[in-house]
Amino acid sequence: MSARFRRVGVVGGGQMGAGIAEVCARAGLDTVVCEADATAARAARERVAASLDRAVRRGKLEPHAARDTLARMVFTGSLDDLADRQLVVEAVIENADAKTEVFAALDKIVEDPAAVFATNTSSLPVMRVGMATSRADRVVGLHFFNPVPVLPLVEVVASLHTSPDTVTAVEDFATGTLGKTVIRSRDRAGFVVNALLIPYVLAAVRMAESGFATAADIDTGMELGCAHPMGPLKLADLIGLDTVASIAESLYEEFREPLYAPSPLLQRMVQAGLLGRKTGRGFHTYGHA
């Protein structure tokens, strides 16, 4: 196990941030989760506790290990509580301005000059958030996949400023401490996975939008015809349609390829708050939000 990062901070306690914090704490790390305020911090703690309970019920985690994991975590509404962290992973909303603001604040708060900052962005330039700090050589992309405690992949993304030592340290952390599998990507919109996945999802959205086939038939076709574990529109609902649209916009802004452009239907669904599983309705309807 890598000893370089023993004190980890996670900014953002939503679905992704809570998952990242959980795997860090399960690996034995001192983990602080920072949310926007105390109320959001309590919700983040409840999110992690619920995930640990599910793991226990499914026989994936012993009850004492779940209790120990939660005991290693602190949930706060203040970025100042990250001052002593050696690694901070940002997992806030997929919005460049919001992420840049977080990194600029962390640069002033985190005391260790050797500390590493990582962004869990799925599509935005790592360079942009790195340049908001005075330590762009120690800023890296560390993109996990949802659900984080289950999916084994992490994308490590270096900007033009990221030092080789930072990349090596973060890759060692992801593999040696968290037990993840790492692939490397250059700092381009979508990295590896989403640059391939999002055009496929958007094609399914356009197919449904045109009336060519129903959402159910599109998903069944890919599940039973191509042996995909989940159809593209179910997957879009799981990711969150707002996140899908945001990634698509980032891809289109960088490459100007029509296959990356979010369709009118996707944009309208986001405007209507029909975001998929997390709201109870997207291309499919779910029992609860």
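Note that the structure is predicted; figures quoted are calculated from it, not measured.

Undergrad: Just give me the short version of the pairing of strand 6 (residues 139–144), but keep the residues and values in it.
TA: The element strand 6 is extensively covered by neighbouring structure, given that six of its six residues are classed as buried. Neither face of strand 6 is open: one carries V139, G141 and H143, the other V140, L142 and F144, and all of them are buried. Bridge count between strand 5 (residues 116–119) and strand 6: three bridges; the pairing is parallel. Looking at the pairing, A118 lines up with V140 of strand 6.

Undergrad: Go over the sheet that holds strand 6, please, and point to the residues and values.
TA: As summarised here, the arrangement of the eight strands in space is 3-2-1-4-5-6-7-8, forming an open sheet in which the pairing is mixed. Two strands in the sheet have a free side with no partner beyond their single neighbour: strand 3 (73–76) and strand 8 (181–186). Across the sheet, the mean angle from the axis of one strand to that of its neighbour is 25°, orientation sign disregarded. In the packing of helix 4 (residues 96–109) onto the sheet, contacts are made with strand 1 (7–11), strand 4 (87–90), strand 5 and strand 6, and the angle to strand 5 comes to roughly 170°.

Undergrad: Hey, could you go over helix 7 (residues 193–210) for me, with residue numbers and the actual values?
TA: The α-helix advances 3.6 residues per turn, and as a result positions three or four apart in sequence lie on the same side. The terminal C-alpha atoms of helix 7 lie 26 Å apart, and with 18 residues this matches the ideal 26 Å at 1.5 Å per residue to within 8%. Within the sequence span of helix 7, burial applies to N194, A195, L197, I198, P199, V201, L202, A204 and V205. Looking at the residues trailing helix 7, positive phi occurs at G211, about 85°.

Undergrad: Quick rundown of the environment of K278? Include the residues and the values.
TA: By secondary structure assignment, the location of K278 is in the segment after helix 11 (264–271). Relative accessible area serves as the criterion here: at 44%, K278 is assigned to the partly exposed category. It is 32 Å that separates the C-alpha atoms of K278 and F5, two residues lying 273 residues apart in sequence. At 2.9 Å, the side chain of K278 forms a polar contact with the side chain of D242.

Undergrad: Which residues make up the packing of helix 10 (residues 241–255) against helix 11, and what are the values?
TA: Where helix 10 contacts helix 11, the two axes come as close as 9 Å, and the packing angle between them is 130°. As judged from the angle between their axes, helix 10 and helix 11 are oblique. Judged by the sense of rotation from one axis to the other, the crossing of helix 10 with helix 11 is left-handed. Facing L241, D242, V244 and A245 of helix 10, the residues of helix 11 in contact are L266, M269 and V270. When the residues that make up the contact of helix 10 with helix 11 are grouped by side-chain class, the tally is six nonpolar, no polar and one charged.

Undergrad: Go over the packing of helix 1 (residues 15–26) against helix 2 (residues 38–57), please, and point to the residues and values.
TA: One way to put it is that helix 1 packs onto helix 2 with a least axis distance of 9 Å and a crossing angle of 60°. When the interaxial angle is binned, helix 1 and helix 2 end up oblique. Between helix 1 and helix 2 the crossing geometry is right-handed. Residues Q15, A18, E22 and R26 of helix 1 touch helix 2, and the partners they reach there are R47, V48, S51, L52 and A55. Among the residues forming the contact of helix 1 with helix 2, the class breakdown is four nonpolar, two polar and three charged.

Definitions and cut-offs
- Residues numbered from 1 in each chain as written.
- Predicted model: local features only at pLDDT ≥ 70, side-chain atom pairs only at ≥ 80, totals over all residues.
- Heavy atoms only, no water.
- Buried < 20%, exposed > 50% of the residue type's maximum accessible area, 1.4 Å probe, protein only.
- Helix = DSSP H or I, 4+ residues; strand = E, 2+ residues; numbered from the N terminus.
- Pairing = 2+ DSSP bridges.
- Axes fitted to C-alpha atoms, helices over the stretch in contact; angles between N-to-C directions.
- Contact = heavy atoms within 4.5 Å.
- Expected span 1.5 Å × (residues − 1).
- Polar contact = N/O pair within 3.5 Å; in protein donor to acceptor, adjacent residues only side chain to side chain.
- Parallel < 35°, antiparallel > 145°, perpendicular 65-115°, else oblique.
- Left-handed = near helix turned anticlockwise from the far one by under 90°.
- Nonpolar A, V, L, I, M, F, W, Y, C, P; charged D, E, K, R; others polar.

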